[in-house]
Amino acid sequence: MYLTWKEIPRSLKSYIFLSAIGGFSFLTYIVSPALGSLLSFSLEDVGWIFSVSYAFQAVLTYALGKNFERRSPNIALFLSKIFFAVGNILFAMTTKIFTFIVAQLFVSFMDVFYPSVVMYERAIFLPRHREKLYWFLFTFSDMVKAVGYSLFVFILAPNLSGLSFYRTVFLVIASANIFYALSFIFILPKVRSGSDFHEEHIQKLSDKRTFLLLMLHQYLAYTSFGFGSFMIITYYLIEHFKLGPSSPILFEVLFSVSVVMSLLWRPRLKTSPVFNMIFGSFLLSFSFFVMCVPNVYVFFSAHFIMGIAFVLWLPGKESVKMEIAPKELGRWEGFFQGLNIFTRIFTPALSAIVATNLGYFYVFFIAGSLVLASSFFLIPVFTVYRKSHGNS
């Protein structure tokens, strides 16, 4: 059954609206490497800083593990947004590399608490319409990003120096996240514990092997994003293409415009979530390979293609994952998130070394190859999912 915006419960609409703050806050990951570049920190220095913060994240994620299931996701998400806000305030104050490191450590708590996001959404999203709800959330978030980032690039940036511009961005994000944190306590739906399901949840698939293959795909895909991260993209735009300090934000605007334009075609798409996930995964790898072309216009076009890929891949992946996940989703998310963060201890420094010594081409080629390899883990998931749904 097709779900319209009017049919979505008010509590879910509130979550979709406020999640736009989280999407908008992705700007921190774009601007923090640019701040490092502006303060004359080398790409390898910034790479090692990110690696140290990921080591810190990995230890915390493994240590918290089962606590994600026992505790209320509301409390965890409140804490993650507060830590993230503090990190942004510290970035705004940064003039030396030590403050930059401490700020990055605080920001890294967002990834530590990621399993709580997954469990919170499993508890509040209508199971029959998860893919559509994720698309609503993703599209609205990028609509806000497209407008907000454009205002920063075309109105704020021309009137402020590079450092003042970045400080203003960090303070705006910090303020928004303090409000977002409080909303999990006072506004948004309450979830008692991370092991709670939505009352309509039906476990159609119980094949743990299928679930683990999907999680392995997610791990490899996230590893590729860490390798071809905005740390690399920012230095590539500013140092290789010689673009201005707001160019990484403009780069992300193009991605958001691509996502928003899915309003023109996504509602008419009738393919299954598992098909969308697989096709989107192959399209993601293609977008990374396009980035290998050393032309600024082609490079920006690749990010537009990546937006289309995410519209298909992310809602499809989350929808299928929620349906096939065992009750112990928290510990599995915690395990794979810890594994992902452990891998990211090495990827920033390694990608920086590759970019510095071999060239940016090899960074994006490796990232694309990782996503491509991960896509093949989804073929058994497709087979099992189709059988469970009567080949629909």
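What you see is a predicted model, and the numbers here were worked out from it, not measured in a lab. (Residues numbered from 1 in each chain as written. Predicted model: local features only at pLDDT ≥ 70, side-chain atom pairs only at ≥ 80, totals over all residues. Heavy atoms only, no water.)

**Quick look at the overall build of the protein chain**
Broken down by element type, the protein chain carries 19 helices and zero strands. Here the protein chain, with 392 residues, has 59% of them falling under the buried criterion. Of the contacts made within the protein chain by residues no fewer than 6 positions apart, 88% connect residues no fewer than 24 positions apart. In the structure as shown, the protein chain presents an accessible area of about 15,700 Å², 70% of it carried by carbon and sulfur atoms. (Helix = DSSP H or I, 4+ residues; strand = E, 2+ residues; numbered from the N terminus. Buried < 20%, exposed > 50% of the residue type's maximum accessible area, 1.4 Å probe, protein only. Contact = heavy atoms within 4.5 Å. Areas by Shrake-Rupley, 256 points an atom, 1.4 Å probe, with all protein chains shown as cover.)

**Re the environment of Phe227**
Here Phe227 is to be found in helix α11 (residues 208–227). Along the chain, Phe227 and Ala349 lie 122 residues apart, while their C-alpha atoms are 9.2 Å from each other. Discounting chain neighbours no more than four positions away, the residues touching Phe227 are Ile232, Thr347, Leu350, Ser351, Val354, Val363, Ile366 and Ala367.

**Notes on the nonpolar core**
If you look at the biggest cluster of nonpolar residues, it comprises 112 residues, and the most contacted ones within it are Leu27, Phe299 and Phe364. When residues of this core are assigned to their parent elements, the largest contribution, 11 residues, is made by helix α15 (residues 296–324). Apart from the residues within four sequence positions on either side, Phe299 is in contact with Ile233, Tyr236, Leu237, Phe241, Phe251, Met291 and Phe364. (Core = buried A, V, L, I, M, F, W, Y, C linked by side-chain atoms within 4.5 Å.)

**Some words on the packing of aromatic side chains**
Within this structure, the stated rule accounts for 38 aromatic pairs. Measuring from ring centre to ring centre gives 5.2 Å for Phe251 and Phe300, while their planes differ by 85 degrees; the resulting arrangement is edge-to-face. Linking Phe251 in helix α13 (residues 247–260) with Phe300 in helix α15, this pair joins segments that are 49 residues apart in sequence. Given a relative accessible area of 14%, Phe300 falls into the buried group. Between Phe289 and Phe365, the aromatic rings sit 5.6 Å apart at their centres with planes inclined by 45 degrees, giving tilted as the arrangement. Placement of the pair is Phe289 in helix α14 (residues 273–291) and Phe365 in helix α18 (residues 360–375), with a sequence separation of 76 residues. By way of ring pairs, the aromatic residues Phe26, Tyr29, Phe84, Phe230, Tyr236, Phe241, Phe251, Phe299, Phe300, Tyr360 and Phe364 are connected into one cluster. Directly above the aromatic system of Trp313 lies the positively charged group of Lys317, at a separation of 5.2 Å from the ring centroid. (Phe/Tyr/Trp six-rings, centres within 6.5 Å; stacked < 30°, edge-to-face > 60°. Lys NZ or Arg CZ within 6 Å of the ring centre and 35° of its normal.)

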